[in-house]
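One letter stands for each residue in the lines below.
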Amino acid sequence: MRLASILFLCLIYVSSLAAQQTTLINNVEIFNGKDQKTFKANVLIVNNSISKISSNPIATDKSGNTRVIDGDGKLLMPGLIDAHYHTMFASLPQVVLLTSDIGFINLAAAKNAENLLMNGYTSVRDLGGSVFGLKKAIDKGISKGPRIWPSGAFISQTGGHGDFRLPNEIPSDPNRGLSYAERINAVAIADSPDAVRVKTREQLMQGASQIKLMAGGGVSSLYDPLDVTQYTIPEIKSAVEAAENWGTYVTVHAYTPRAIQQAIEAGVKCIDHGQLIDEETVKLMVDNDVFWSLQPFIDEGNTGNLSPESRAKQLEMYSGTDKAFALAKKYKMKIAYGSDVLFNAKKAAQPNVQLLKMKRWFDNFEILKMATADNADLLAMSGKRSPYAGKIGVIEEGALADILIVDGNPLKDLELLNNAEEKLLLIMKNGQIFKNRFN
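Residues numbered from 1 in each chain as written. Predicted model: local features only at pLDDT ≥ 70, side-chain atom pairs only at ≥ 80, totals over all residues. Heavy atoms only, no water.

Visitor: Whenever I open this one, the layout of surface pockets confuses me. Can you help?
Guide: Empty space among the atoms becomes apparent when a probe as large as a water molecule is rolled across them. Taken as a whole, the second largest pocket encloses approximately 360 Å³ of empty space. If you go around the second largest pocket, you meet 18 residues; those closest to its centre are Arg165, Ser172, Gly177, Leu178 and Glu182. Mapped onto the lining of the second largest pocket, the elements with two or more residues apiece are α5 (180-183) and α6 (193-206). In terms of residue count, α5 provides more of the lining of the second largest pocket than any other element does, three residues in total. By residue class, the composition of the lining of the second largest pocket is six nonpolar, four polar and eight charged. (1 Å grid on protein atoms, 1.4 Å probe; cavity = no way out; pocket = protein on both sides within 12 Å on 5 of 7 lines; lining within 4 Å. Points joined across faces, edges and corners; volume = space filled by probe spheres on them. Helix = DSSP H or I, 4+ residues; strand = E, 2+ residues; numbered from the N terminus. Nonpolar A, V, L, I, M, F, W, Y, C, P; charged D, E, K, R; others polar.)

Visitor: Just checking my understanding: could you explain helix α7 (residues 233-245) for this structure?
Guide: The terminal C-alpha atoms of α7, which comprises 13 residues, lie 18 Å apart, in line with the 18 Å expected from a rise of 1.5 Å per residue. Taken together, the buried positions of α7 are Glu235, Ile236, Ser238, Ala239, Val240, Ala242 and Ala243. The inward-facing, buried residues of α7 contact α6, β11 (211-214), β12 (250-254) and α8 (257-265). Residue Gly247 follows α7 closely and has a positive phi angle near 80 degrees. (Expected span 1.5 Å × (residues − 1). Buried < 20%, exposed > 50% of the residue type's maximum accessible area, 1.4 Å probe, protein only. Contact = heavy atoms within 4.5 Å.)

Visitor: So what exactly am I meant to see when it comes to the packing of aromatic side chains here?
Guide: Each aromatic ring pair is characterised by the separation of its centres together with the angle its planes make. Overall, the coordinates contain six aromatic pairs when judged by the stated rule. A centroid spacing of 6.2 Å and a plane angle of 80 degrees characterise the contact between Phe31 and Phe365, whose relative ring orientation is edge-to-face. One end of the pair, Phe31, is in the loop between β1 (22-30) and β2 (39-46); the other, Phe365, is in helix α14 (residues 364-379), with 334 residues separating them in the sequence. Each member of the pair, Phe31 as well as Phe365, is classed as buried. For the ring pair Phe325 and Trp361, a centre distance of 4.0 Å and an interplane angle of 20 degrees mean the geometry is stacked. Here the residue Phe325 occupies a position in helix α11 (residues 321-330), and Trp361 occupies one in the loop between α13 (351-356) and α14, the gap between them amounting to 36 residues. The rings of Phe89, Phe154 and Phe164 are connected pair by pair, giving a single aromatic cluster. The ring of Tyr388 carries Arg147 above its face, with NZ or CZ at 5.2 Å from the centroid. (Phe/Tyr/Trp six-rings, centres within 6.5 Å; stacked < 30°, edge-to-face > 60°. Lys NZ or Arg CZ within 6 Å of the ring centre and 35° of its normal.)

Visitor: Sorry if this is basic, but what is going on with the side chain of Ser220 here?
Guide: The residue Ser220 is located in the loop between β11 and α7 in this model. For Ser220, the contacting residues outside a window of four places in its chain are Gln94, His161, Phe164 and Phe343.

Visitor: What exactly am I supposed to notice about the sheet that holds strand β7 (residues 121-126) here?
Guide: Overall, parallel pairing links the three strands, which are arranged β6-β7-β8 in an open sheet. A strand with exactly one partner marks an edge of an open sheet, and here the two such strands are β6 (80-85) and β8 (147-150). Adjacent strand axes in the sheet meet at a mean angle of 15 degrees, parallel and antiparallel pairs treated alike. Sheet contacts for α14: β6, β7 and β8; angle to β6, the most-contacted strand, approximately 60 degrees. (Pairing = 2+ DSSP bridges. Axes fitted to C-alpha atoms, helices over the stretch in contact; angles between N-to-C directions.)

Visitor: Which parts of the structure should I look at to understand α6?
Guide: Each full turn of the α-helix corresponds to 3.6 residues, which orients residues three or four apart in the same direction. Across its 14 residues, α6 extends 20 Å between first and last C-alpha, which sits within 8% of the 20 Å expected from 1.5 Å per residue. Val196, Lys199, Thr200, Gln203 and Leu204 are the residues of α6 that are buried. The buried residues of α6 occupy one face: seen down the axis, they fall within an arc of 140 degrees. Opposite its buried face, α6 presents the exposed residues Asp194 and Met205, each directed more than 90 degrees away. On its buried side, α6 packs onto α4 (132-139), β9 (154-156), β10 (187-189), β11 and α7. At the exit of α6 stands Gly207, carrying a positive phi of roughly 115 degrees. (Arc of directions from axis to C-beta.)

Quick look at the structure:
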C-alpha cells in the first residue's frame, strides 16, 4: 500500500512537470524597464511568469519539456504598454463606427489589436469603447492582441465629448430608446449624480478596470467648444464614489485648468490630456498625487479630415503641448504614455510612430521607462479590479512574462521599434510566444 502511494505521488509530480510550459532564454542583454543600465543574464519562464534571472547558467529538466532559446546577446525588455488607447475606435473612420454593424467593428478591431501586439504592445489601458467582447476573445485565445484594461463606455453629459447623437435625435425621448452608440455600450450619456452613478456601476458590472468620464470639451466631438467644462463636482464625485467602492478610480478627459481643477476637487486620480494646463493646476496635481496621462499631440496637418471647426479646436489644443510637457518635467511628475489614436487606419497601423514623437521632450531611456514600468504603475491603480493578476512592465523574478527581444538596442536607437517586422525577434505575452525569429 505504501509503495502504491509513492508511485501515485510520483505520477502526479511527473504529470505536473509535463503540464508546465517552460522557456529558457539564454545570453541576453536585459533592460528591466526601470534602470538605464542593462545587464547580461539568462531568463527562465515557467508558465506565465518569470521564474529566475541569473548571470549563471540556469539548470532545467532534461525531459525535453523546456524550450531553449539562444538570445545571441540581443536586448530583452518588457512588453510595451499604451496607457490611452481605443481598441474599438483606432482604425475605422468615425462615420463607419457610428453606422456599421457591431460585428464588423469587432472584426476590424481584432485585426488592429493583433497588429498592436505584433508591434510590441502587450498591454493597453482602453479608455472608451465597447471592448469587453474583444477582450474576452483575446483572453481566451480566440483572437490575438494585448492585455486590455477596459473602461467600457466613456461617460458623457448631454452635449459633451461623448455625445455623438445627431441633431435630429434631440430632444431626448425615452420612447425612442437609446442611440446606436449607447446601445452598443460605446458611450453612456448621463446627466445628474444619480444617472452618472448608474452608468458607472453598469461599466463596473461588465468588468471595467477603471472609469472614464468626459470632463471638458474635445476635438472630435461636434457640439462642445474646447474651453467648456463638463459635469459638475457632485456628478463627477458620484462616479468617483462608485469606483472607489469597487476599489478602483476615475480618469477624465480634460484639457483646461478649470476642467482639471474641478475633477481633482471631485476626487479624480488621473488626468488624461491636459494640454492647456497652467502651472497652478500642475501644482494642484502634484499636491493631490494625481497621475498625468499626457499624449504627444503635435501638428501634422489635417490628417483626420476634420471639419474646419474641429480643426480649429485641434490647433488650439496642439498649441499647449510643449508647455504641458515642460511643466510636467519641471515638477518631476510621473507621466503615462498613451497614443490616443482615433479614427485613423494609417496611425493605427504604425503604433510606434506615435511613441517616437516623445523624443521631442525625452531621451530614449525616459520614453521606454514611461512605456513600460511607469505605465504599469498607472495600470496598478485599478487594484483588485485589474483583470490580470501579477506585475507587468518590468523584467524581474515573479513578474508576468510579457517580453520582447530586439535586434539592436532601442535605448540607443529607438527608431528600431518602427521596424517591428525585422527588429522584434521575439514577442511573448503571458508566457506564450507569438513571434519567434530565433528558431
